[in-house]
Structure formats: C-alpha cells, structure tokens
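A structural walkthrough
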Amino acid sequence: MNKKLSAALPIAHVVLRILIVLNWLGGAAILALLVVMPNEQWIMAAFKIPPSPDADQLVMGLRAVAVLGLATIPLNYVVLKRLLAIVGTVREGDPFVAANASRLQTIAWSLLALQLFSIVIGAIGKAVSTPAHPVHLDAGFSINGWLAVLLTFLLARVFAEGTLMREDLKGTV
C-alpha cells in the first residue's frame, strides 16, 4: 500500500467520526431551537424581523425549514456510517465486497433523499421571502448534488460488478 493512501485512510476515519458527532450535535441544536422557540416574538427578535403582515408566514417557513433540517440528520448519519464502514474495508485491504456495494447503494438513496429535501427547503425559503424580509438559504437544486447522486448509484453498480467478477475469478482458480 502506498504511503499517501495509508496516511489518507486514518485521516478519513477520524474526519468521518468527527462529522458523525457534529451531525448529531447539529440535530440537537435544531431540536433545541424548535423546542425552545416559545413564540413568534422570540423568533422575530432572534432574526431581527420587524413586525409586519408577512412575519407570521416567515416564522412558519423558518419552523418548517428547521423541521426538515432535523429530518436530514438521520440521512446524514446513514451516509457517514456507511462511508466509515467502507473506509474500514479499504484499510483492511478488501474493499470490493458485496457489503460495500450495498453500502454505496444505501448512500446513493440517502443522497437522493437529501437532494429532494434541499429542493423543498429552497422552495419554502423562496415562498416566504419578501423584499422586506429576504430569506437566503443554501438550499434548492444543485447540479453537483444530483451528479453526486448519479455517481454514487453508478459506483455502487461498479462495486457490485467488481465483487461478482472477483468471486468468479476465485471460482476459476
């Protein structure tokens, strides 16, 4: 195994573990905001939103975005845990196994769901945004996100085929 690759794997392992913790902490923060937000006045003060007729719609939109954000936490966890397991098989020197093909397939479906959530969140932001209260969310359609979904589905298929070819090769030797 080359030194660059062997150095990258422990780093990837640590980074993925950190991201798993940060993902859950982010979910806890969103949940705390949803539970702690006692009323619209608090939200309006926190976001410096002056009272206006469209403030109610804006507050409801922000709450909806928070709920959807909370729903993405388990999807992120699925992606991160499976990536961690794949890194583990690479570290062991045996990445082309059926379990990794399955993991990549699950990651692809999770990424697809995350992209759909992003479109919905972006649409909510656009729906509640007004000239007086513009809402700028880092959400919506992302060509790179959709390419990642397609690439991951393709990679899952490549791993599945690689696993079958490897098993066939073992059977002929």
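Read on for a plain summary of the structure. (Residues numbered from 1 in each chain as written. Predicted model: local features only at pLDDT ≥ 70, side-chain atom pairs only at ≥ 80, totals over all residues. Heavy atoms only, no water.)

Looking only at helices and strands, the protein chain has five helices and zero strands in total. For the C-alpha atoms alone, the extent of the protein chain along its principal axes is close to 75 × 25 × 25 Å. Out of the 173 residues in the protein chain, the part that is buried amounts to 32%. Across the protein chain, every contact between residues at least 6 apart in sequence was considered, and the portion connecting residues at least 24 apart equals 73%. Surface accessibility of the protein chain: about 10700 Å² in total, with carbon and sulfur atoms responsible for 71%. A distance of 9 Å separates the average location of the 13 positive side-chain charges in the protein chain from that of its 9 negative side-chain charges. (Helix = DSSP H or I, 4+ residues; strand = E, 2+ residues; numbered from the N terminus. Buried < 20%, exposed > 50% of the residue type's maximum accessible area, 1.4 Å probe, protein only. Contact = heavy atoms within 4.5 Å. Areas by Shrake-Rupley, 256 points an atom, 1.4 Å probe, with all protein chains shown as cover. Lys, Arg positive; Asp, Glu negative; His and termini not counted. Charge placed at Lys NZ, Arg CZ, Asp CG, Glu CD.)

Between its first and last C-alpha, helix α3 (residues 55-91) extends 53 Å over 37 residues, near the 54 Å set by a 1.5 Å rise per residue. Immediately beyond the C-terminal end of α3, within one or two residues, lies Gly93, with a positive phi of roughly 85 degrees. (Expected span 1.5 Å × (residues − 1).)

Where helix α4 (residues 98-128) meets helix α5 (residues 143-172), the closest approach of the two axes is 8 Å, and the angle between their N-to-C directions is 165 degrees. As summarised for this structure, α4 and α5 are arranged roughly antiparallel, according to the angle between their axes. Judged by the twist between their axes, the crossing of α4 over α5 is left-handed. Class assignment of the residues belonging to the contact of α4 with α5 gives a composition of 18 nonpolar, six polar and no charged. (Axes fitted to C-alpha atoms, helices over the stretch in contact; angles between N-to-C directions. Parallel < 35°, antiparallel > 145°, perpendicular 65-115°, else oblique. Left-handed = near helix turned anticlockwise from the far one by under 90°. Nonpolar A, V, L, I, M, F, W, Y, C, P; charged D, E, K, R; others polar.)

What the rule picks out here adds up to two salt bridges. Across the pair Arg166 and Asp94 runs a salt bridge, and its minimum N-O distance is 2.4 Å. Of the two residues, Arg166 is situated in helix α5 and Asp94 in the loop between α3 and α4; the sequence distance between them amounts to 72 residues. On the basis of relative accessibility, which here comes to 28%, the residue Arg166 falls in the partly exposed class. Asp94 sits in the partly exposed class, given a relative accessible area of 28%. Two residues, Glu161 and Arg157, come together in a salt bridge whose shortest N-O distance is 2.3 Å. (Salt bridge = Lys/Arg side-chain N within 4 Å of Asp/Glu carboxyl O.)

Along the chain, Asn100 falls in helix α4. If near-sequence neighbours (up to four positions away) are discounted, Asn100 is found in contact with Ala85, Ile86, Thr89, Pro95 and Phe159.

On to the nonpolar core, then. Residues Ile43, Met44, Ile49, Ala55, Leu58, Val59, Leu62, Val128 and Val135 constitute the largest nonpolar core, which totals nine residues. For this core, the elements supplying multiple residues, two or more each, are α2 (40-46) and α3. The residues touching Val135, leaving out its near neighbours within four places in the chain, are Leu58, Gly125, Val128 and Ser129. Among the nonpolar cores identified, the runner-up in size contains eight residues, and Val79, Ile86, Leu104 and Ala160 belong to it. (Core = buried A, V, L, I, M, F, W, Y, C linked by side-chain atoms within 4.5 Å.)

This part covers a nonpolar patch on the surface. Among the surface-exposed residues, Ile11, Val14, Val15, Ile18, Leu19, Val21, Leu22 and Leu25 lie close enough to one another that they form a single nonpolar patch of about 700 Å² accessible area. A residue is classified by how much of its surface remains accessible, and Val21, at 46% relative accessible area, is partly exposed. (Patch = residues over 30% accessible without salt bridge, like charges linked within 9 Å, V, L, I, M, F, W, Y side chains within 5 Å.)

Time to look at the side chain of Ser110. When you line up the elements, Ser110 lands in helix α4. If sequence neighbours within four positions are ignored, Ser110 has contacts with Leu75, Val78 and Val79.

Counting across every chain of the model gives three aromatic pairs. Residues Trp24 and Tyr77 carry aromatic rings whose centres are separated by 5.1 Å and whose planes lie at 50 degrees to one another, so their mutual orientation is tilted. Separated by 53 residues along the polypeptide, Trp24 in helix α1 (residues 3-36) and Tyr77 in helix α3 bring together distant segments of the chain. By relative accessible area, which is 28% here, Tyr77 ends up partly exposed. (Phe/Tyr/Trp six-rings, centres within 6.5 Å; stacked < 30°, edge-to-face > 60°.)

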